[in-house]
Amino acid sequence: MTDTTDHNLSLFHHAQALIPGGVNSPVRAFRAVGGTPSFITRGQGAYLWDADGRRLIDYIGSWGPMILGHGHPAVLEAVHRAVALGLSFGAPTERESELAEAIMRHVPSIERLRLVSSGTEAGMSAIRLARGATGRSKIVKFNGCYHGHADALLVKAGSGLATFGHATSAGVPEVVVQDTLVLEYNDVAQLEAAFALHGDKIACVIMEPIAGNMNFVRASVPFMRAARALCTKHGALLIIDEVMTGFRVALGGAQSLYAKEIAGFQPDLTMLGKVVGGGMPLAAFGGRRDVMEQLAPLGPVYQAGTLSGNPVATACGLATLREVGKPGFYAALAERTRALITGLAQAAKAEGVPFCGDSEGGMMGYFLLPALPGNYPEVLQSDGARFNRFFHGLLDRGIYTAPALYEAGFVSAAHTGEDIATTVAAAREVFRELAN
Ligand SMILES: *Cc1c(COP(=O)(O)O)cnc(C)c1O
């Protein structure tokens with residue numbers, strides 16, 4: 001178990017007396033892995049410093065946004081300039097259009113888009129829009145995918161294809177989730193059967209193209225192809241949730257990778273967040289013009305936000321997109337990320353520990369399993385206790401990774417070859433401990 005310093009521990013005690021669990025988002029509390037969370041005082045480049053002044057190599061990157069690393073000078077300059085001109089106006093600004101254009105330049109399926117403040121809001125709004133535009137109520141989501149904490153999404157599968165979901169959170173009435181059908185990820189036959197049964201009532205299928213909320217699981221090409229074809233055939237909308245993958249796995253998001261494999265592939269709606277805000281509270285949803293124009297004030301689907309398109313957040317997002325749009329950015333990032341996964345795999349093999357990993361762009365995942373899982377039940381076959389020992393072994397050595405085995409990891413452009421080598425060397429020591 002990680003040695004917790006007096007500072008981290010006392011800050012955690014103080015926070016627990018004020019904030020439920022001491023945190024403002026549950027996974028930060030280290031409940032899955034045990035121990036005391038590191039309280040962060042500063043970030044620079046690939047590093048964080050905790051309350052005791054310990055330097056950590058950061059592979060969480062604020063759960064995805066910090067693709068340039070912390071404190072990138074061009075981003076800070078843009079934010080400082082925006083702050084000096086005012087924090088919020090509640091009126092349109094030119095920069096909102098500039099950011100919309102920057103996004104659309106790289107993600108051609110987005111013909112119109114709206115800015116919001118979180119991925120949760122993007123998901124909730126995209127689903128309302130899909131229901132409003134189709135005049136249908138039922139939605140399909142997949143086991144292990146996360147699209148934010150809107151009521152209709154906090155749901156686990158019913159007992160069969162004919163039955164809809166059950167709430168996974170207290171406070172969500174059954175009536176709110178009874179139109180949510182939860183299916184297994186990468187299961188084409190089940191998706192076909194669901195459409196055969198409910199096709200004329202399904203408003204949308206929502207999915208992560210590379211699921212990063214069950215660690216790292218890719219949608220297979222046949223699965224993605226089937227989802228697109230079934231939605232088209234039955235008049236449902238395909239919503240690709242790129243809150244994590246957008247501007248993270250490639251400049252055009254994961255959808256650009258599937259478009260290389262599936263001729264003409266495009267989602268109807270896309271959700272963005274995390275990298276698109278560069279670390280500020282900013283997210284977006286967008287897609288087909290005819291669908292997006294169903295939104296108020298043009299159409300009957302209501303959606304709004306006091307801080308939507310906030311001028312400081314748009315400055316941060318625009319500056320970030322400018323950097324990631326430079327030639328060669330993703331090739332270099334992908335190479336660094338692959339080097340980490342390859343290094344970890346070699347270290348595990350040398351110590352005789354089962355390990356497999358995968359990565360795309362600056363997003364990665366690894367399992368202490370002999371083969372990559374393809375869906376959530378397979379992810380659950382991971383040995384949680386072993387994962388927790390691996391996590392704490394790394395943290396003890398100054399390597400900050402996600403404190404739960406259901407989370408993807410992130411490499412930034414600020415991580416150096418030396419950071420990767422340091423991480424692999426630390427992991428090798430931990431693998432040796434795990435093998436004994
Ligand atoms: C993080 C995430 C969300 C939720 O975004 P928030 O900004 O945390 O509300 C939605 N979908 C995916 C795929 C995510 O990774």
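Residues numbered from 1 in each chain as written. Predicted model: local features only at pLDDT ≥ 70, side-chain atom pairs only at ≥ 80, totals over all residues. Heavy atoms only, no water.

A. Just helix H2 (residues 73-85), in detail. For H2, with 13 residues, the first-to-last C-alpha span of 19 Å sits near the 18 Å given by 1.5 Å per residue. Residue Gly86 follows H2 closely and has a positive phi angle near 135°. (Helix = DSSP H or I, 4+ residues; strand = E, 2+ residues; numbered from the N terminus. Expected span 1.5 Å × (residues − 1).)

B. Quick peek at the environment of Pro222. Within the secondary structure, Pro222 sits in helix H7 (residues 221-234). Relative accessible area serves as the criterion here: at 46%, Pro222 is assigned to the partly exposed category. For the pair Pro222 and Ala402, spaced 180 residues apart in sequence, the C-alpha separation works out to 30 Å. (Buried < 20%, exposed > 50% of the residue type's maximum accessible area, 1.4 Å probe, protein only.)

C. Representation of the environment of Tyr146 within the structure. Tracing the chain through its elements places Tyr146 in the loop between strand E5 (138-142) and strand E6 (155-156). For Tyr146, a relative accessible area of 38% translates into the label partly exposed. With 61 residues separating them in the primary sequence, Tyr146 and Met207 have C-alpha atoms 8.3 Å apart. Residues in contact with Tyr146, not counting those within four places in the same chain, are Thr120, Glu208, Asn213 and Asp241. (Contact = heavy atoms within 4.5 Å.)

D. Representation of the state of the cysteines in the model. All told, the structure shown has 0 disulfides when counted by the stated rule. Free cysteine: Cys356, not disulfide-bonded; nearest cysteine sulfur from Cys145 at 18 Å. (Disulfide = S-S within 2.5 Å.)

E. Region of interest: the packing of aromatic side chains. Per the stated rule, a full pass over the model turns up 13 aromatic pairs. Centre to centre, the rings of Tyr185 and Phe223 are 5.6 Å apart; their planes meet at 65°, and the pair counts as edge-to-face. Of this pair, Tyr185 sits in the loop between strand E8 (180-183) and helix H6 (188-198) while Phe223 sits in helix H7, and the two are 38 residues apart along the sequence. With a centroid separation of 5.8 Å and an interplanar angle of 90°, the aromatic rings of Tyr366 and Phe390 are classed as edge-to-face. With Tyr366 in strand E16 (residues 363-367) and Phe390 in helix H13 (residues 384-396), this pair connects stretches of sequence that are 24 residues apart. Per residue, the accessibility class of Tyr366 equals that of Phe390, and both read buried. An aromatic cluster of at least three residues, connected via ring pairs, comprises Phe355, Tyr366, Phe390 and Phe431. Cation over ring: Arg42 sits above Trp49, and NZ or CZ is 3.9 Å from the ring centre. Across from the ring centre of Tyr47, 3.8 Å away, lies the NZ or CZ of Arg55, which sits over that ring. (Phe/Tyr/Trp six-rings, centres within 6.5 Å; stacked < 30°, edge-to-face > 60°. Lys NZ or Arg CZ within 6 Å of the ring centre and 35° of its normal.)

F. View of the sheet that holds strand E15 (residues 356-360). Here 3 strands make up an open sheet; going across it, the order is E15-E16-E18 and the pairing antiparallel. The strands lining the two open edges of the sheet, one partner per strand, are E15 and strand E18 (409-410). Sheet topology note: the E16/E18 ladder contains 2 bridges and is antiparallel. Looking across to E18, one finds that Met363 is bridged to Phe410. (Pairing = 2+ DSSP bridges.)

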